Amino acid sequence: MKIRKFLRKIIAILLFRIDWKKLVFIGAILTVFRIMFQISTLPYPLTEWILFPPSDISSSRNLNDEKNLRELPASQDIRFNLSQHAPLVVSLNSTARLSETQQVLERREQVSRQRKSRKHVNAVDKVIFSSSPVRNMSNHMLRYIASLTPDEALAYAKQEIENAPLVTDDQDLYTPLFRNVSVFKRSYELMELILKVYIYKEGKRPIFHQPYLRGIYSSEGWFMKLMEDSRQFVTRDPQKAHLFYLPYSARQLQKARYVVNSHDLKPLSVFLRNYVNMLASKYPFWNRTRGSDHFLVACHDWGPYTLKDHEELSRNTIKALCNADTSEGIFVAGKDVSLPETTIRNPRRPLRNLGGKRVSQRPILAFFAGNMHGPVRPKLLKYWRDKDESIRIYGPLPHRVSKVMSYPEHMKSSKYCLCPMGYEVNSPRIVEAIYYECVPVIIADNFALPFSEVLNWTAFSVVVSEKDIPRLKEILLSIPLRRYQVMQNNVKMLQKHFIWNSKPTRYDLFHMILHSIWVSRLNQLQVSQIS
């Protein structure tokens with residue numbers, strides 16, 4: 001009887017005194033927490049567990065086999081990877097699943113063996129996947145390129161460039177500036193993907209490895225600095241190199257070896273001859289190609305003449321020269337590279353005064369000021385100094401004039417900036433005109449224009465023959481205003497390709513020079529090497 005009374009009391013309490021809604025709610029919360037805890041302790045991520053569920057393993061399976069299977073490396077080709085820490089289980093009635101699992105594991109083991117035999121390819125893959133500009137390439141194709149020898153990679157690149165996909169609109173490239181923007185874009189991307197440069201460590205400062213970053217010959221120094229700092233293009237393994245850089249400065253060589261007023265360049269050319277002979281005796285790379293896969297960068301006027309004492313250096317090496325004169329037999333158009341001449345007054349601020357005025361604020365038709373050396377400038381002065389108010393021609397800009405309007409302001413206020421040759425064909429005024437958004441007028445009959453293999457110079461400049469200097473105003477006025485406006489706008493769009501950046505950016509001057517050298521190297525390939 002007592003037990004019955006006790007049970008009745010409990011039933012009464014459960015029916016009338018407990019809030020069942022609260023009890024159910026608390027129970028639901030506890031159930032959710034328990035489920036979440038169980039999921040977090042699963043041996044597989046939930047997606048893997050659902051889509052690729054582990055099978056139950058029979059108790060009779062050999063434990064050593066289980067351990068070996070667990071330790072197989074997972075392949076990146078499998079979308080949902082098996083956990084290496086989970087037990088592999090197969091139920092007794094699921095032999096089909098076991099067969100599938102074994103096939104997957106066998107495939108992984110095969111991939112593992114292939115990877116171990118191609119460690120150098122994997123190392124390149126890391127670079128390619130992290131920074132490749134060729135985003136449309138499959139991983140398989142990228143691995144294929146990484147496995148090629150340097151010569152095979154160049155041959156592959158040349159074929160790809162010849163079959164470049166059509167580019168109709170690119171936010172980084174202004175189509176009117178280029179001869180063929182599709183070819184240039186493809187070539188540039190393949191350069192970023194493939195090109196490796198080996199820099200010789202030999203050579204003492206200041207002639208070697210000490211860039212000179214100031215003045216009209218600063219292009220060679222800026223290129224040297226940025227090339228030696230490059231992680232993308234420089235390789236420490238010469239066996240992987242497509243190009244070999246001779247890291248000397250023609251300007252520093254002139255300062256260190258030239259005897260003032262001696263008019264004798266022999267000590268400079270002998271110095272370079274001995275340097276190259278030393279490299280040829282120490283390494284196999286020069287003799288392998290007779291120097292044709294080596295390049296140098298020299299902006300000083302004497303750069304070409306200091307190469308004459310070494311025949312292979314002068315004839316075979318890719319020469320990036322400011323003094324790109326096709327009439328002297330040293331610079332070879334199509335093989336050598338025309339190096340832009342840039343005046344850098346402050347290396348910390350190389351882009352000072354960049355920019356110009358709009359067309360309506362350019363009252364001067366044509367402007368030139370500079371030293372009267374060489375055959376062309378005196379002729380320009382003879383025909384046009386003080387002859388026409390719209391054409392302002394000076395020797396060195398007089399102080400009385402510069403007080404009113406500085407040299408940069410003259411360029412920014414002129415429609416056309418005259419760039420006549422001096423002793424040598426190149427002039428820093430070409431790049432200055434581009435910086436100040438003034439259409440350059442180039443007067444140098446034998447000058448190979450920079451980047452002419454890719455740039456369409458008629459889109460943003462005027463080339464006047466030396467014999468046509470007396471007709472200068474007639475030639476400039478014959479250009480319709482609308483045509484001039486297009487050219488002047490093109491000059492603005494061109495600026496990015498002629499700018500030195502402390503940290504190089506895509507398509508800037510460093511990359512444009514390197515691309516010209518890359519194209520020259522590709523042009524060396526014969527048809528037999530490609531087929």
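Calculation criteria
- Here the residue numbering is sequential within each chain, running from 1 through the sequence in written order.
- Note on the predicted model: pLDDT of at least 70 is required for a residue's local features to be given, and 80 or more for side-chain atom pairs to be given and counted; whole-chain, interface and lining totals, by contrast, use all residues.
- Where side-chain values are given, they derive from all heavy atoms of the structure, hydrogens and water being excluded.
- The buried label goes to any residue with under 20% of its type's maximum accessible area, the exposed label to any with over 50%, and the partly exposed label to all in between, with areas taken from a 1.4 Å probe on protein chains only.
- A helix here means a DSSP run of H or I that spans at least four residues, while a strand means a run of E at least two residues long, and both kinds are numbered starting from the N terminus.
- Strand pairing is assigned whenever DSSP identifies at least 2 bridges connecting the two strands.
- The term disulfide is used for any two cysteine sulfur atoms that are within 2.5 Å.
- An axis is simply a line fitted to the C-alpha atoms; with a helix, the fit covers only the stretch in contact. Between two such axes, the angle follows the N-to-C directions and lies from 0 to 180 degrees.
- Small angles under 35 degrees read as roughly parallel and large ones over 145 as roughly antiparallel, with 65 to 115 read as roughly perpendicular and the rest as oblique.
- Residues are treated as being in contact if the distance between any of their heavy atoms lies within 4.5 Å.
- Amino acid classes used here: Ala, Val, Leu, Ile, Met, Phe, Trp, Tyr, Cys and Pro are nonpolar; Asp, Glu, Lys and Arg are charged; the rest, including Gly, are polar.
- Take the far helix as the reference: if the near one is turned anticlockwise from it by less than a right angle, the crossing is left-handed, and if turned clockwise, right-handed.
- Each residue after the first adds 1.5 Å to the expected span of a helix.
- Along the arc lie the directions from the helix axis toward the C-beta atoms.
- Think of a nonpolar core as a cluster: buried Ala, Val, Leu, Ile, Met, Phe, Trp, Tyr and Cys residues, connected wherever their side-chain atoms sit within 4.5 Å.
- Here pLDDT means the predictor's own confidence in every residue, given as a number from 0 to 100.

Caption draft 1: Highlighting the pairing of strand β4 (residues 318-321). Of the two faces of β4, the one lined by Ile318 and Ala320 and the one lined by Lys319 and Leu321 are each fully buried. Pairing of strand β3 (residues 294-298) with β4 involves 4 bridges; the strand directions are parallel. Across the sheet, the residue bridging to Val297 is Ala320, located in β4. For β4 and strand β5 (residues 337-338), the ladder comprises 2 bridges, and the chain directions are parallel. Paired with Ala320 across the strands is Val337, a residue of β5.

Caption draft 2: Examining the state of the cysteines more closely. Scanning the model with the defined rule gives 2 disulfides in all. Bridging Cys299 to Cys322, the disulfide has an S-S length of 2.1 Å. Taking the torsion about the sulfur-sulfur bond, which here is approximately -90°, the covalent link between Cys299 and Cys322 counts as left-handed. Of this pair, Cys299 sits in the loop between β3 and α14 (311-315) while Cys322 is found in the loop between β4 and β5, placing the two residues 23 residues apart along the sequence. Given the relative accessible area of 1%, Cys322 is considered buried. Between the sulfur atoms of Cys417 and its disulfide partner Cys438 the distance amounts to 2.2 Å. Taking the torsion about the S-S bond as the criterion, the Cys417 to Cys438 disulfide, at about 115°, is right-handed. Linking Cys417 in strand β8 (residues 414-420) with Cys438 in the loop between α18 (429-435) and β9 (439-443), this pair joins segments that are 21 residues apart in sequence. Judged by its relative accessible area of 0%, Cys417 is buried.

Caption draft 3: Representation of the pairing of β8 in the model. Most of β8 sits inside the fold, with 6 of its 7 residues counted as buried. Summarising the sheet, strand β6 (residues 364-368) and β8 pair through 3 bridges and their orientation is parallel. The residue bridging Ala366 from the neighbouring strand is Tyr416, located in β8. Pairing between β8 and β9: 5 bridges, direction parallel.

Caption draft 4: Local environment of the packing of helix α10 (residues 218-229) against helix α21 (residues 509-523). In contact at an axis separation of 10 Å, α10 and α21 are set at 85° when each is read in the N-to-C sense. The orientation of α10 relative to α21 falls into the category roughly perpendicular. Here α10 contributes Phe223, Leu226 and Met227 to the contact with α21, which in turn contributes Phe510, Ile513, Leu514 and Ile517. Here the contact of α10 with α21 is composed, by residue class, of 7 nonpolar, no polar and no charged.

Caption draft 5: Molecular detail of the packing of helix α11 (residues 250-257) against helix α12 (residues 266-282). Contact geometry of α11 with α12 gives a least axis separation of 10 Å together with a crossing angle of 120°. In terms of orientation, α11 lies oblique with respect to α12. Considering only the axes of α11 and α12, their crossing is right-handed. Of α12, the residues touching α11 (which contributes Leu253, Gln254 and Arg257) are Pro267, Leu268, Phe271 and Leu272. For the contact of α11 with α12, a count of residues per class yields 5 nonpolar, 1 polar and 1 charged.

Caption draft 6: Just helix α20 (residues 481-494), in detail. Taking 1.5 Å of rise per residue, 14 residues should cover 20 Å, and α20 covers 20 Å from first to last C-alpha, within 8% of that figure. Every buried residue of α20 is accounted for by Tyr484, Met487, Gln488, Asn490, Val491 and Leu494. Each buried residue of α20 sits inside an arc of 155° when the element is viewed along its axis, so together they form one side. Along α20, exposed side chains directed more than 90 degrees from the buried face belong to Leu481 and Arg482. In this fold, the buried residues of α20 make contact with β8, α18, β9 and β10 (462-463).

Caption draft 7: The arrangement of the sheet that holds β6 in detail. One open sheet accounts for 5 strands, arranged β7-β6-β8-β9-β10; its pairing is parallel. Looking along the sheet, the strands with just one partner apiece sit at the ends: β7 (391-393) and β10. Against the sheet, α20 engages β8, β9 and β10, with an angle of about 95° to β9.

Caption draft 8: A look at the nonpolar core. With 140 residues, the main nonpolar core has Phe223, Tyr248, Tyr416, Phe498, Ile517 and Trp518 as its most contacted residues. Of all the elements, α21 adds the most residues to this core, at 9 residues. With residues up to four places along the chain from it excluded, the contact list for Phe223 reads Tyr245, Phe295, Val297, Trp500, Phe510, Ile513, Leu514 and Ile517.

Caption draft 9: Local environment of the confidence of the model for the protein chain. Across the protein chain, the average pLDDT comes to 84, with 77% of residues at or above 70. Contacts of residues 43-99 to residues separated by more than four positions or lying in other chains number 72 contacts, the stretch itself having pLDDT below 50. Low confidence marks residues 116-132, where pLDDT is under 50. Its contacts with residues over four positions away, or in another chain, come to 18 contacts.

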